[in-house]
Amino acid sequence: MPRVVLVTGKGGVGKTTTAAATAVGAARRGLRTLVVSTDAAHSLGDALDVDLRTAATWRDTHEVEPGLHALAVGAHTAVEADWEVVRAYLLGVLDAMGVDPVVADELTSLPGAEEVAALAALAHQAEDGGWDLVVVDCAPTAETLRLLALPEVLGWHLDRLLPAQRRLLTVLRPAATAAAGIPTPGPEVVGVLRAWRDLMTGVRALLTSPRASVRLVTTPERVVIAESRRVLTSLSLHGYAVDAVVVNRLLPPAPSGDPWRAAWESAQASGLEQVRESFLGIPLMTAPYLAGEPIGPDALAELAAATVADSGEVPDLLDDVATPRTRVEADGDDFVLTLPLPLVTAGEVDLARRDDDLVIEVGDQRRVVTLPSVLRRCVVQNAAVGNGELRVRFERDEELWASGR
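Residues numbered from 1 in each chain as written. Predicted model: local features only at pLDDT ≥ 70, side-chain atom pairs only at ≥ 80, totals over all residues. Heavy atoms only, no water.

### Structural notes on the overall build of the protein
If you tally the helices and strands in the protein, you get 13 helices and 16 strands. Residues counted as buried form 47% of the 405 residues belonging to the protein. Taking contacts inside the protein between residues at least 6 apart in sequence as the whole, the part at least 24 apart equals 71%. Roughly 19,200 Å² of accessible area belongs to the protein as shown, and the carbon and sulfur atoms make up 53% of that amount. (Helix = DSSP H or I, 4+ residues; strand = E, 2+ residues; numbered from the N terminus. Buried < 20%, exposed > 50% of the residue type's maximum accessible area, 1.4 Å probe, protein only. Contact = heavy atoms within 4.5 Å. Areas by Shrake-Rupley, 256 points an atom, 1.4 Å probe, with all protein chains shown as cover.)

### Side note on the packing of helix α1 (residues 15-28) against helix α11 (residues 297-306)
Interaxial distance between α1 and α11 falls to 8 Å at its minimum, and their mutual angle equals 90°. Classed by the angle they form, the pair α1 and α11 counts as roughly perpendicular. Taken together, the residues of α11 that come into contact with α1 (itself represented by Thr17, Ala20, Ala21, Val24, Gly25 and Arg28) are Pro297, Asp298, Leu300, Ala301, Leu303 and Ala304. (Axes fitted to C-alpha atoms, helices over the stretch in contact; angles between N-to-C directions. Parallel < 35°, antiparallel > 145°, perpendicular 65-115°, else oblique.)

### Describing the sheet that holds strand β16 (residues 389-396)
In spatial order, the strands read β10-β11-β16-β15; together these four strands make up an open sheet with antiparallel pairing. Bordering the open sheet on either side are β10 (327-331) and β15 (378-386), each of which pairs with just one other strand. Across this sheet, the average inter-strand angle for adjacent strands is 25°, counted without regard to direction. Bridge analysis of β15 against β16 gives eight bridges, and the strand direction is antiparallel. (Pairing = 2+ DSSP bridges.)

### Description of the sheet that holds strand β14 (residues 365-370)
The antiparallel open sheet is built from three strands, whose spatial order is β12-β13-β14. In this open sheet, the two strands that pair with only one neighbour each are β12 (349-354) and β14. Within this sheet the neighbouring strands show an average axis-to-axis angle of 20°, counted without direction. Pairing of β12 with strand β13 (residues 357-362), which is carried by six bridges, proceeds in the antiparallel orientation. Its bridge partner being in β13, Val349 is matched across the sheet by Val362.

### A few points about the pattern of salt bridges
Here the structure, examined in full by the defined rule, presents 17 salt bridges. Residue Asp51 is joined to Arg53 by a salt bridge in which the shortest nitrogen-to-oxygen separation is 3.1 Å. On the accessibility criterion, Arg53 (64% relative accessible area) is exposed. Between Glu389 and Arg327 there is a salt bridge; the shortest N-O distance is 3.3 Å. Linking Glu389 in strand β16 with Arg327 in strand β10, this pair joins segments that are 62 residues apart in sequence. Taking relative accessible area as the criterion, Arg327 reaches 31% and is therefore assigned partly exposed. (Salt bridge = Lys/Arg side-chain N within 4 Å of Asp/Glu carboxyl O.)

### Quick look at the packing of aromatic side chains
Aromatic rings considered in pairs are described by the distance between their centres and by the relative angle of their planes. Following the criterion strictly, the structure yields one aromatic pair and no others. For Arg204, the ring lying beneath its charged end belongs to Tyr240, and the centroid distance is 5.4 Å. (Phe/Tyr/Trp six-rings, centres within 6.5 Å; stacked < 30°, edge-to-face > 60°. Lys NZ or Arg CZ within 6 Å of the ring centre and 35° of its normal.)

### Quick look at the nonpolar core
Core analysis: the largest hydrophobic core is formed by 47 residues, its most contacted members being Val4, Leu6, Val134, Leu207, Leu235, Val242 and Val245. Among the elements that take part in this core, helix α5 (residues 113-128) stands out by supplying nine residues, more than any other. Not counting the four nearest positions on each side in its chain, Leu207 is found in contact with Val4, Leu6, Leu119, Leu122, Leu148, Ala212 and Tyr240. (Core = buried A, V, L, I, M, F, W, Y, C linked by side-chain atoms within 4.5 Å.)

### Some remarks on helix α8 (residues 187-207)
With 21 residues, α8 extends 30 Å between its outermost C-alpha atoms, agreeing within 8% with the 30 Å of an ideal straight helix rising 1.5 Å per residue. Of the positions making up α8, those classed as buried are Val189, Val190, Val192, Leu193, Trp196, Arg197, Leu199, Met200, Val203, Arg204, Leu206 and Leu207. (Expected span 1.5 Å × (residues − 1).)

### Focus: the pairing of strand β11 (residues 334-340)
Burial within β11 is extensive, with seven of its seven residues counted as buried. Every second residue of β11 is oriented toward a common face, with Asp334, Val336, Thr338 and Pro340 on one face and Phe335, Leu337 and Leu339 on the other, all of them buried. Where β10 folds back onto β11 in an antiparallel hairpin, the turn is made up of two residues, including Gly332, whose phi is positive at roughly 65°. Of the strand pairs in this sheet, β11 and β16 are connected by six bridges, and their pairing is antiparallel. The partner of Leu339 across the bridge, within β16, is Leu390.

### Digging into the environment of Thr57
Note that Thr57 resides in the loop between α2 (44-48) and β3 (62-65). For Thr57, a relative accessible area of 29% corresponds to the partly exposed category. Along the sequence, Thr57 and Gly74 sit 17 residues apart, while their C-alpha atoms lie 9.7 Å from each other.

Here is the structure:
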């Protein structure tokens, strides 16, 4: 299994350049490296100085130089054929219900097509590509969080949809469906849904394993640092490891007698200290503001060499990483569910129990945690946030425990 490094950050901080430099540096170390762009803007080709067009399939990589390939993934990369099987069925259902064809066409467009295509390409390349390292140039942070939440969210829905489909196929006999005028989903439809469910399960397992991590790119500016802090919280909420923070575009020391440069140098020094305090415990790297725009493999290799550790031990690109884990522990007659959740206060977290799920909301991010069986027979007693963790205490529901359900 290759090592997977996802690179993201606020738009404009240099995440694409950082991802490209990381990939070039790794390839020139002798690692078989693939760099994948999931950003709709696809500026990766511009950074590498190659004509990188959106691939038709996940296999359509572009050789940049020996040991380094690139791939741009878009909405039409290898997923629409599968979706057409489901879409044809949905169009038939909507037609039977009398829905206007134009409206039906809009309703059955593939939701999150770019994200599904990106995840499918990543899964296939990780499994069959023969790479040592896959670097993913992600979209800006909001889109990246949507991408990384998708495997669990879509998998959750498909898990519940497939049993419902099996019951539907049992209950709705051909005569009944003919009388109602609604077509029964064929085995090919269920097959696509099951394949997508398995894909989402596999991607989620890969991206939350010790073989995958996120590198968060920021600049030493207050607005950017504030967003980066929120992104770290959201990534932890969804179970993703951040193995390094890259502070980009640091200006060289100002010459004496230049007050404008001196003011910027002072502001950046203050911002860098804020980054150190905000991401304490996470390895920190710094990258300089180069004299020229780093375009092409040689310039990117120079940037990679100039990106150095500032604090903490930055893991080698091939090393496994420690992943944030949700754990359940007994505490007397109670149980405590603990989930990593840094840089938030209790007032910023909302919890709700829905049947066998715990819904956690932080800002505009939501995660639905399917509770293990031992907690399904319990009720939430209280919750607390502290030391970078969310702790939810459950107490036994004596009636459910007595019944053995």
